[in-house]
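Remarks on the overall topology
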Amino acid sequence: MISYRKLAMRVLGHSPVSAARTARRSTAKRAAALALTAALVVGMTLPAFADTWYIDDGDISISAGENGNKVTQGSTTKENDTDTVITNREPSTASSNTVTINADEGKTVNVTLDNVTINVDEGYKYGYEPNAYKTAVSVTGSGNTNIELNGNNTLTSGYGHAGLEHNKTDGSGTLTIQDEKNDDGSAKGSASDTTGSLTATGGYHSAGIGGSDKQDGQVTITGGEITATGGNGAAGIGGGAGDKYAAVGGDGDVTISGGTITATGGSLGAGIGGGAYGNGTVTVTDGDITAKATGNYGAGIGGGFGAIPKDTLIGGNGTVTISGGTITEASGGYMAAGIGSGYQGLGTVTIEGDAVIKNAQGGEAGAGIGSGTYGDSEIIIRGDAVIENAESSANGAGIGSGQGDLYPDGDGMVIDLTVGNVTIEGNAKIENAKSGSGGSGIGGGAVGIGNVIIRGNAQIGNATGGDEGAGIGGGVLGTGDVTIEGNVTIENAQGGAGAAGIGGGAETQPDTEDTRNKVSIKSTEAGSPNITAKGGGVLDENAPLAGAAAIGSGSVADGATEVKSDITIEGKVTIDATGGGDVAIGDSTNGETQFSGLQVGTTITRRNAKGDDVSQPGDVVREPEKPAQPTVTPTEGAEAPSNGSVEVERPVTVEGLYVTNVLGKQITHTCTQNGTTLTIRANGIVASAHLTLGMVRTLKAQGVKTLVFTTLLSRSTTVSVDALLAAEPDAPDEMAVVWTHTGPRAALTIGGADHSDLLK
């Protein structure tokens, strides 16, 4: 870079000269040159260049300027630094200096950390006063800050402060950690790609990245390799430890759209989300994430420890939305969920898009995905999401709620049930959902109700309840309200000892006359369910409990009144049910439940624990046999024409003709003939009349020339017998003719080909 002195001399028309010649200059010329130099420096706009700032040289303060950053270090201040880079002269030697970034409202600060190592942890040197300790990197202000990662960066803060601190307030901006460029500044996408990393460790009560003591935290991560560890009471990424009595702090607001992330919470804090007494709001759209709560009561991803100091829950809630990326592991602490809420909180979890959950592990009494102990859950799994494993170590559901409460109050036992509300739909796939004991595979934890809806094209591999917990439905002492509809596949719903495969947990006794384990299974336009379910067997001889139904109710101890089952099956289904006791589908009070009017193609197989076939009438529905030459016969007692001059409509029977509704279930119909016109009537809005070309040819031979089909909400439609036969003149007699009314619309197919144009 040319000096301003040389620039001034060029303007005067001189070239630089040696020191000896300069010494011989006149005083006047030297004064003129200096005066011009000063004028140029004052009057010209100087170009801005990026500087590298060494943290070894002192604390660095950065704020947003007019055309870049304003950077101050010691006595040096630079305006308009357009690409501020902070590094260490000796990366292997940690600096005890700090970085403070402040972005004013409406402005953005961009900073690059390039192989920075800062450690300002001084133990408990100043006692228990957080303000006496340092923060490695602090981000403040109502504007936004973007931190680019180059090389390997390590930030360690002192007592009461996050490693990379960003306290969320009503007026704070956002902190975004990114890895948008390679270390040399080039764009991503080449063979020389590099990944910037950050290891951040928080002090006592403070997150690795996010909030400090008694503070909420906000973090957005779009890339990089991130390792974050929270101090005692804080999240790895998210909130610091809150104050339960003042009801402040602890919340964590975290958004992740890329990167490889490992986050570990301190005791009472989530791996990613809330600190102690804090709620966690976590959104993941991409990235590879491992999140662990190493202590008790915090979720792997979601809420921290929830407390009730003044009859009102403080913290614990976990609101988690995962729409992409891979969760390699999410492990909750004791009484907390792997993904969802901490102790006592509500677990609100949505997993959708192409998200993959490889392992969600709840701590004891917490769900794998859902809520911690004493917490309800609201869970939606949809899209193309895949859950490879969701598991509770004990007493929580694999997917659903954590453990409820059971305690004496002087008048007997009080049962305080949790509720696991779970909806699985779309093309979602659950490979394994399991409880260690007491909880269901999908639904309620121990002392928990399971309200489960499975629909669309959802697939369930294994849903396995722990001892006394249903495969899908209620945990021990909990009922199951399960709806399964559409093209659903359930390969194995296995109840634990004494619990149903699908339905109620064991030892569930009725509180009212209306208490039921409710199970509804039906086909829809999307398809028909295919289900394999097995009831749990006899509990060990030290605590005798009979085996349970595959679908229906769990069992109870001798002398107790078992909750009955209310089971509905509609349309076409395929069910393989093996009871753990005497009943396959139903309950021990009423025995096997029978079903009638199911659609053609239905197959229900029932076996008891001994392997005996306990099938019921109506379990298998085959195509009705149709005679080769159908006949039209007058109904007995029909009135004949009086004199031949006036035709009289008379009831007739067309053998082999049948009518179905929208679910394919056969419904009642009537046929009448008036002269050469045959009319088919059905009392339905959506109905299909089924014939064959052989029937139509027989009807023609018996003098019928016109067919009429009449249903509710539809005008009668008519087809000529001759026109119908001419449409497929060489087709075999067994070719199907289907005539459908859908409200006011009508359609006619012959052998599956559309011939609706024949209808009048």
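Residues numbered from 1 in each chain as written. Predicted model: local features only at pLDDT ≥ 70, side-chain atom pairs only at ≥ 80, totals over all residues. Heavy atoms only, no water.

Details of the pairing of strand β47 (residues 530–534)
Residues of β47 alternate between two faces, with I531 and A533 buried on one and N530, T532 and K534 left unburied on the opposite face. Where strand β44 (residues 489–494) lies against β47, four bridges are found, and the strand directions are parallel. Paired with T489 across the two strands is N530, which belongs to β47. Examined bridge by bridge, β47 and strand β50 (residues 574–578) share five bridges and lie parallel to one another. Note on β50: the bridge partner recorded for A533 is A577. (Buried < 20%, exposed > 50% of the residue type's maximum accessible area, 1.4 Å probe, protein only. Helix = DSSP H or I, 4+ residues; strand = E, 2+ residues; numbered from the N terminus. Pairing = 2+ DSSP bridges.)

Notes on unusual backbone geometry
The backbone of N115 sits at a positive phi, close to 55°, despite the residue not being glycine. Take N115: it is sitting in the loop between β7 (108–114) and β8 (117–119). For N115, a relative accessible area of 25% puts it in the partly exposed group. Residue V447 is not a glycine yet carries a positive backbone phi of 60°. Within the element layout of this structure, V447 appears in the loop between β39 (442–443) and β40 (448–456). Residue classification places V447 among the buried positions, given a relative accessible area of 8%.

Notes on the pattern of salt bridges
Proximity of charged atoms lets side chains of opposite charge pair with each other. A full pass over the atoms with the stated rule returns 16 salt bridges. K214 is paired through a salt bridge with D213; the nearest N and O atoms lie 3.4 Å apart. In this structure K214 comes out as partly exposed when scored by relative accessible area, which is 38%. On the basis of relative accessible area, D213 is assigned to the buried category, the value being 13%. The salt bridge partner of E485 is K522, with a shortest N-O separation of 3.9 Å. Of this pair, E485 sits in strand β43 (residues 480–486) while K522 sits in strand β46 (residues 516–522); the two residues are 37 residues apart in sequence, bridging distant segments of the chain. (Salt bridge = Lys/Arg side-chain N within 4 Å of Asp/Glu carboxyl O.)

A word on the packing of aromatic side chains
Scanning the entire structure with this criterion turns up 13 aromatic pairs. Both rings, one in Y277 and one in F305, keep their centres 5.6 Å apart while their planes meet at 65°; by these two values the pair is edge-to-face. Note that Y277 is positioned in the loop between β21 (272–273) and β22 (280–293) and F305 in the loop between β23 (301–302) and β24 (318–322), a separation of 28 residues in sequence. Across the pair, F305 and Y277 agree in class, each one buried. Pairing F305 with Y343 gives two aromatic rings, centres 5.4 Å apart and planes at 10°, and the pair type is stacked. A residue pair is termed long-range when its members are at least 10 positions apart, and F305 in the loop between β23 and β24 and Y343 in the loop between β26 (339–340) and β27 (347–351) qualify at 38 residues. The burial state of F305 is the same as that of Y343; both residues are buried. Within the aromatic cluster, the residues linked to one another by ring pairs are Y124, Y126, Y128, Y133, Y159 and Y204. Over the ring of Y54 we find R89; its NZ or CZ atom is 4.0 Å from the centre of that ring. (Phe/Tyr/Trp six-rings, centres within 6.5 Å; stacked < 30°, edge-to-face > 60°. Lys NZ or Arg CZ within 6 Å of the ring centre and 35° of its normal.)

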